[in-house]
Amino acid sequence: QQGEPYFLPTSPHFLVLVNPHGGTGKALELFQKHVIPILMEADVHFTLLVTERPNQARELVRDQDLSRWDAIVVMSGDGLIFEVVNGLMERPDWMVAIKKPLAILPGGSGNALAASVNHYSGQQQVMGTKLLINCSFVLCKGQPQPLDIVSLTTLSEKRIYSFLSLAWGFISDVDIESEKYRFMGSIRFSFGTLVRLTALRTYRGRLSYVKDSTLSKTKDLDTITNNPSSDNKCPVIQTDGVVKEELEDSLLVPLGQPVPSHWTVVQEDEFVLVLALYQSHLGADLYTAPMVQNLGEGNIHLFYATSRISRGSLLKLFLSMEKGTHMDTEIAHLVHVPVKAFRIEPLQNTGIMTVDGEVIPCEPIQGQIHRGLGCCISA
Ligand code: ADP
Ligand code: MG
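Residues numbered from 1 in each chain as written. Chains lettered and ligands numbered in written order. Predicted model: local features only at pLDDT ≥ 70, side-chain atom pairs only at ≥ 80, totals over all residues. Heavy atoms only, no water.

1. What about the state of the cysteines?
The line we're drawing: The disulfide criterion is simple: two cysteine sulfur atoms within 2.5 Å. The helix and strand labels rest on DSSP assignments: H or I over at least four residues marks a helix, E over at least two residues marks a strand, and numbering proceeds from the N terminus. Three labels apply to residues, based on accessible area from a 1.4 Å probe with only protein chains included: buried if under 20% of the type maximum, exposed if over 50%, partly exposed otherwise in between.
Counting across every chain of the model gives one disulfide. The partner cysteine of C234 in its disulfide is C375, sulfur to sulfur 2.1 Å. Residues C234 and C375 are joined through a disulfide that is right-handed, its torsion about the S-S bond being 105 degrees. Pair noted here: C234 is in the loop between α9 (223–226) and β10 (235–237) and C375 is in strand β18 (residues 365–378), with a separation of 141 residues, a long-range link. Overall, C234 belongs to the buried group, its relative accessible area being 1%. By relative accessible area, C375 is classed as buried at 0%. Looking at C135, it has no disulfide partner, and the nearest cysteine sulfur is the one in C376, 9.4 Å off. Of the residues examined, C135 reaches a relative accessible area of 2% and is grouped as buried. Free of any disulfide, C376 has its nearest neighbouring cysteine sulfur in C375, separated by 7.5 Å.

2. A short note on the pattern of salt bridges
Test applied: Criterion for a salt bridge: a side-chain nitrogen of Lys or Arg within 4 Å of a carboxyl oxygen of Asp or Glu.
With the rule as written, the count across this model stands at 14 salt bridges. Three or more residues are tied together by salt bridges with common partners; here these are R58, R62, D63 and E90.

3. With respect to the domain arrangement of the chain
Just so we agree on the cut-off: For every domain, the bounds stem from an assignment made automatically or drawn from a database. The contact definition used throughout considers only heavy atoms, calling two residues in contact when any of these lie within 4.5 Å. Buried area counts how much accessible surface, traced with a 1.4 Å probe, disappears from two parts once they are put together, with both parts' losses summed. In protein, a polar contact means a hydrogen-donor-capable atom and an acceptor-capable atom, both N or O and within 3.5 Å, with residues adjacent in sequence counting only if both atoms are side-chain atoms; elsewhere, any N or O pair within 3.5 Å suffices.
Looking at the assigned domains, one finds that the chain contains domain 1 (2–147) and domain 2 (153–215 + 248–378). Facing the 42 residues of domain 1 at the interface are 35 residues of domain 2. Approximately 3,500 Å² of surface area, both sides summed, lies buried where domain 1 meets domain 2, with 64% of it carried by carbon and sulfur atoms. On the surface where domain 1 and domain 2 come into contact, there are zero salt bridges. Counting across the domain 1 and domain 2 interface gives 17 residue pairs in polar contact (both at pLDDT 80 or more). Taken together, the elements giving at least two residues each to the side of domain 1 that touches domain 2 come down to α3 (78–89), β5 (102–106), α5 (112–120), α6 (128–141) and β6 (143–154).

4. Considerations on the site of ligand 1
Quick note on the threshold: One heavy atom within 4 Å of a molecule or strand is enough for the residue carrying it to be called near that molecule or strand. Note that accessible areas follow from Shrake-Rupley with a 1.4 Å probe, and for residues the cover is restricted to the protein chains shown. Only Asp, Glu, Lys and Arg are considered charged, only Ala, Val, Leu, Ile, Met, Phe, Trp, Tyr, Cys and Pro nonpolar, and every remaining residue, Gly among them, polar.
Taken together, 20 residues lie around ligand 1, and G23, T51, S76, E83 and E358 are the ones closest in. Here a nitrogen atom of ligand 1 and a backbone polar atom of R53 are 3.3 Å apart. At a separation of 2.9 Å, an oxygen atom of ligand 1 approaches a polar backbone atom of G79. Contact with the protein chains hides 83% of the accessible area of ligand 1, taken as 570 Å² for the molecule alone. Residue composition of the shell around ligand 1, grouped by class: three nonpolar, 11 polar and six charged.

5. A word on the packing of helix α7 (residues 170–177) against helix α8 (residues 187–198)
Going by this rule: Helix axes are fitted only over the stretch in contact, all axes being lines through C-alpha atoms; the angle between N-to-C directions runs from 0 to 180 degrees. Angle categories: roughly parallel below 35 degrees, roughly antiparallel above 145, roughly perpendicular from 65 to 115, and oblique for all the rest. Left-handed describes a crossing whose near helix is turned anticlockwise from the far helix by less than a right angle; the clockwise case is right-handed.
Two elements in contact, α7 and α8, have axes whose closest approach is 9 Å; the angle formed by their N-to-C orientations is 120 degrees. If you check the angle between α7 and α8, you find them oblique. Helix-helix and strand crossings are classified by hand; for α7 and α8 the assignment is right-handed. Across the interface between the two elements, F170, D173, V174, D175 and E177 from α7 touch R188, F189, G192, T193, R196 and L197 from α8. Of the residues that constitute the contact of α7 with α8, the class distribution is four nonpolar, two polar and five charged.

6. Considerations on the pairing of strand β7 (residues 159–162)
We apply this condition: Criterion used throughout: strands pair if DSSP finds at least two bridges between them.
What you see with β7 is no split at all: R159 and Y161 on one side and I160 and S162 on the other are buried throughout. In terms of strand pairing, β6 meets β7 through four bridges, oriented antiparallel. Counted as the bridge partner of T153 is R159 from β7. Counting the residues in the hairpin turn of β6 and β7 gives four residues, including E157, whose phi is positive at 70 degrees.

7. A few points about helix α1 (residues 27–41)
Selection criterion: One fewer than the residue count of a helix, multiplied by 1.5 Å, yields its expected span.
An ideal rise of 1.5 Å per residue puts 21 Å on 15 residues; α1 measures up with 20 Å between its terminal C-alpha atoms. All of the buried residues along α1 are A27, F31, H34, V35, I38 and L39. Buried residues in α1 make contact with β2 (13–18), β3 (45–50), β4 (71–76), β5 and α6. Immediately downstream of α1, the backbone of D43 shows phi near 60 degrees, a positive value.

8. Focus on the environment of Q368
With respect to the element layout, Q368 can be found in strand β18. Judged by its relative accessible area of 1%, Q368 falls in the buried class. Separated by 117 residues in sequence, Q368 and L251 have C-alpha atoms that sit 6.9 Å apart. Not counting the four nearest positions on each side in its chain, Q368 is found in contact with I149, V150, S151, D249, S250, L251, L252, I300, K340 and A341. Reaching out from Q368, the side chain makes a polar contact with the backbone nitrogen of S250 at a distance of 3.1 Å.

9. Things to note about α6
In this model, α6 (14 residues) spans 20 Å end to end at C-alpha, consistent with the 20 Å of a helix rising 1.5 Å per residue. Looking only at α6, the buried set comprises L131, L132, N134, C135, S136, V138 and L139.

Okay, structure coming up:
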């Protein structure tokens, strides 16, 4: 079912979406000043669309003919890419549409995907204009690469597609509560961390996961979603008239049922934080999953800290995360496990849950990784 690998043409035409309110509100100015000269030099053509409201980008990529553009470039934070991914997955032809190459230029305050792409390209961890210029070069010199997508299902049967993270507890609290310090740019996360540390909260819930995809419910794993082409390029899918209505999650059973018996259920039920992360960076200066080397490895890195973790350990965790050294020595009551699927069942409806930095209702949720389902320009 897989066709030829996807390559960008020599003079590509990009659709560029800019969120003028991303980050400190300078995205459009920065695009004009720093990005346009690089695109001109590289003989890249583009159509610029400045978003006017939330969900405009989502509706646009859901409803429009995408064949006019060779890639969809997003200059914003992770929130606008999240809109684009979900808009593509809402299309009747999602199976083809999700292979449309995406690209990220950091223009928000949460620029985790941009920082990850910068890292995979072999560059040093940088922020601000330096990160923007690096990502502009990746956009012009890179090629489409498979991008992992996690398909999430909530108790109310809502499907959400995620390219970065799911967070519950400390991390999502900081992300959302620090919105009021938006004027600070990405510093808001460090500042918010210190504020939240002084008033630590714990959350009750059940966490379960499965490490291995070979023991799936059905033996026949979806060949498209779990076997990206071996040459590490985004394949162009030929559907031959076979249209699947929805992406199938072969590892999951309905949320109303207990997890399958070969899953692991975490014994403790009081957490300070739960984080599922699939890329290397959780923010421009948060090198949270140093083990991740590219966009399409097919692993969910599950991190959780139980209520027994001390404030000192948490502080140490966040301070050492900038350089990624938090994984070098063991931190008591912090666990890391690479998984293929997981389930979180909050026992009270408290706390903030975020997907790719966007708030979702706090309710039972589960998800599984689809290796290389999406496509993103990278080195
Ligand atoms: P940041 O990292 O600064 O938060 P994001 O890309 O995550 O930047 O964007 C934040 C939110 O802004 C997203 O939920 C997105 O849907 C929304 N958004 C996009 N365009 C606009 C707009 N023109 N006005 C207001 N909000 C917008
Ligand atoms: Mg955001």
